[in-house]
Amino acid sequence: MARFDLSEPELAAYRPEVAEPDDFDAFWCETLADSRAVDALIRRTPVDCGLTLVHVDDVVFPGYAGDPVHAWLVVPRGADGPLPAVVEFVGYGRGRGLPFERLHWPVAGFAQLIVDTRGQGSTWGTGGSTPDPHGAGPAASGFLTRGVEDPATHYYRRVFTDAARAVDAARTMPEIDPARIAVTGNSQGGAIAIAAAGLSDGLVAALPTAPILAHVRRTVGLTDTDPHAEIARYLSVHRGADEQVFRTLSYLDGVNFARRATAPALFGAGLMDTVAPPSGVYAAANHWRGGAEVIGYPWNGHEGGEGVHWQRQLAWLRARTDAGAATASTRNFRTTIAP
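In short, a report on the structure. (Residues numbered from 1 in each chain as written. Predicted model: local features only at pLDDT ≥ 70, side-chain atom pairs only at ≥ 80, totals over all residues. Heavy atoms only, no water.)

A word on the overall build of the protein. The secondary structure content of the protein amounts to eleven helices and ten strands. Since a compact globule built from 339 residues should have a radius of gyration of about 20 Å, the 19 Å found for the protein is in line with a globular shape. Considering only C-alpha atoms, the protein reaches an extent of 55 × 45 × 35 Å along its principal axes. When each of the 339 residues of the protein is scored for burial, the buried share is 58%. A separation of at least 24 residues holds for 74% of the contacts in the protein among residues at least 6 apart in sequence. In the form shown here, the protein has an accessible surface area of approximately 13200 Å², with 53% of it arising from carbon and sulfur atoms. (Helix = DSSP H or I, 4+ residues; strand = E, 2+ residues; numbered from the N terminus. Rg over C-alpha atoms; globule rule 2.2 N^0.38 Å. Buried < 20%, exposed > 50% of the residue type's maximum accessible area, 1.4 Å probe, protein only. Contact = heavy atoms within 4.5 Å. Areas by Shrake-Rupley, 256 points an atom, 1.4 Å probe, with all protein chains shown as cover.)

Turning our eyes to something else, we now look at the pairing of strand β1 (residues 43-47). Side-chain direction in a regular strand flips from residue to residue, so the side chains alternate between the two faces of the sheet. Strand direction decides the pairing type here: β1 and strand β2 (residues 54-62), joined by five bridges, are antiparallel. Within β2, the residue paired with V47 across the bridge is V56. What sits between the antiparallel neighbours β1 and β2 is a turn of six residues, in which G50 has the positive phi angle 85°. (Pairing = 2+ DSSP bridges.)

What follows covers helix α8 (residues 242-250). Within the sequence span of α8, burial applies to V245, F246, T248, L249 and S250. For α8, the secondary structure elements touched by its buried residues are α2 (24-36), α6 (216-222), α7 (228-237) and α9 (254-258).

Contact geometry of α7 with α8 gives a least axis separation of 10 Å together with a crossing angle of 150°. With respect to α8, the axis of α7 lies roughly antiparallel. Seen from above, α7 lies across α8 with right-handed handedness. Here I231, Y234 and L235 of α7 come into contact with α8, specifically with D242, V245, F246 and L249. Partitioned by chemical class, the residues of the contact of α7 with α8 number six nonpolar, no polar and one charged. (Axes fitted to C-alpha atoms, helices over the stretch in contact; angles between N-to-C directions. Parallel < 35°, antiparallel > 145°, perpendicular 65-115°, else oblique. Left-handed = near helix turned anticlockwise from the far one by under 90°. Nonpolar A, V, L, I, M, F, W, Y, C, P; charged D, E, K, R; others polar.)

Take the pattern of salt bridges next. Taken as a whole, this structure holds 17 salt bridges when the rule is applied. D132 is paired through a salt bridge with R118; the nearest N and O atoms lie 3.0 Å apart. Here the residue D132 occupies a position in the loop between β5 (111-115) and α4 (155-171), and R118 occupies one in the loop between β5 and α4, the gap between them amounting to 14 residues. Taking the shortest distance from any N to any O, the salt bridge between R118 and D162 comes out at 2.6 Å. Here D162 lies in helix α4 and R118 lies in the loop between β5 and α4, a separation of 44 residues in the sequence. Classification of R118 as buried rests on a relative accessible area of 0%. Among the ionic contacts, a cluster of salt bridges with common partners joins D67, R118, D132, R158 and D162. (Salt bridge = Lys/Arg side-chain N within 4 Å of Asp/Glu carboxyl O.)

A rise of 1.5 Å per residue sets the reference length of α2, with its 13 residues, at 18 Å; its end C-alpha atoms lie 18 Å apart and thus fit the reference within 8%. All of the buried residues in α2 are F24, F27, W28, T31, L32 and S35. The buried residues of α2 occupy one face: seen down the axis, they fall within an arc of 115°. Exposed positions of α2 whose direction lies more than 90 degrees from the buried face are C29 and E30. On the buried face of α2, the contacting elements are α4, α5 (188-199), α8 and α9. (Expected span 1.5 Å × (residues − 1). Arc of directions from axis to C-beta.)

One recurring pattern in soluble globular proteins is that nonpolar side chains are buried together. Residues F89, L113, Y156, F160, V183, F267 and W288 are the most contacted members of the largest nonpolar core, which totals 81 residues. With ten residues, α4 is the single largest residue contributor to this core. Leaving out residues up to four positions away in the same chain, V183 has contacts with V87, F89, V167, A193, A196, A197, L203, A205, A206 and L207. A182, L207, I295 and Y297 belong to the second largest nonpolar core, which has 14 residues in total. (Core = buried A, V, L, I, M, F, W, Y, C linked by side-chain atoms within 4.5 Å.)

One way to put it is that α2 packs onto α4 with a least axis distance of 10 Å and a crossing angle of 60°. Judged by the inter-axis angle, α2 sits oblique to α4. Remark: the crossing between α2 and α4 carries right-handed chirality. Residues F27, W28, T31, L32, S35 and R36 of α2 touch α4, and the partners they reach there are Y156, R157, F160, T161, A164, R165 and D168.

Among the seven residues that make up strand β4 (residues 83-89), seven are buried, leaving the element largely enclosed by the rest of the structure. As paired elements, β4 and strand β6 (residues 176-186) share six bridges and run parallel to each other. Residue pairing in the sheet places L83 in a bridge with I176 of β6. Pairing geometry for β4 and β5, over five bridges, is parallel. Opposite V86, over in β5, you have Q112 as the bridge partner.

Pasting the structure below:
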């Protein structure tokens, strides 16, 4: 693995022009309004998974078009609520897994909603529970080109709507303080967290790490690693479809959601990451409306800072949830390169 992207000083200042469709806001407002108009209940079922220090519910909430989406709600047992909460989205190809696999936020005193990704859960991990009942046209392997002929049919339109509806669902839960909800995720989960932050008002924070689907026009072709390479493979067969493909993807680009995200953000980036190239991560962070800090790990790839980065996330988020609101200073753009 070798350095292939911009230098650290260039990344810190990187704020490129990124194509944004004129009807971006109208598209997403209509999408969310249609899904929120579907009358569906949130269902919760207690799960006994042998854990004595946390309580676990299997949650089913209405996502895109009212489709049922599964999640785990994990709450510290006996904690006084309502609690600050983290809505977490998972990586590419995996599902929500089993509830005892991700206990770091609940044991730190947060409620945690771990959201399944529709149609995924069979590539790695311990599985998922949410089907995707909507079809799509010809696609390359993976998920990035499913429905790429039109933003209305793209797979991630449904996934990103599910994410916003997950935040909606969390706000109805008595264990959760609706004014202290953060979103987080790594890789695909980071991309979903960015979309959730751009589509949801009133979040206390966002913590995306190594997000894919940011500054897509640059990252496709910059790296030959999946999942962005799926788009290149699609275009190698569907010659001449570039304009339509990148128009569709502009509705899903993390930079365009970042421009609308009002909560402060803490990003993580591996500066040798060939899956989520750092220039894409910094492009989203440096366009972040609510102000963003990036912790860059100079000698890491897609694994980024791992547990070290979570410790930094915890301290950063506690400072904001304990205060109940972000301070004005978080609106300044800051960049930190980890030692």
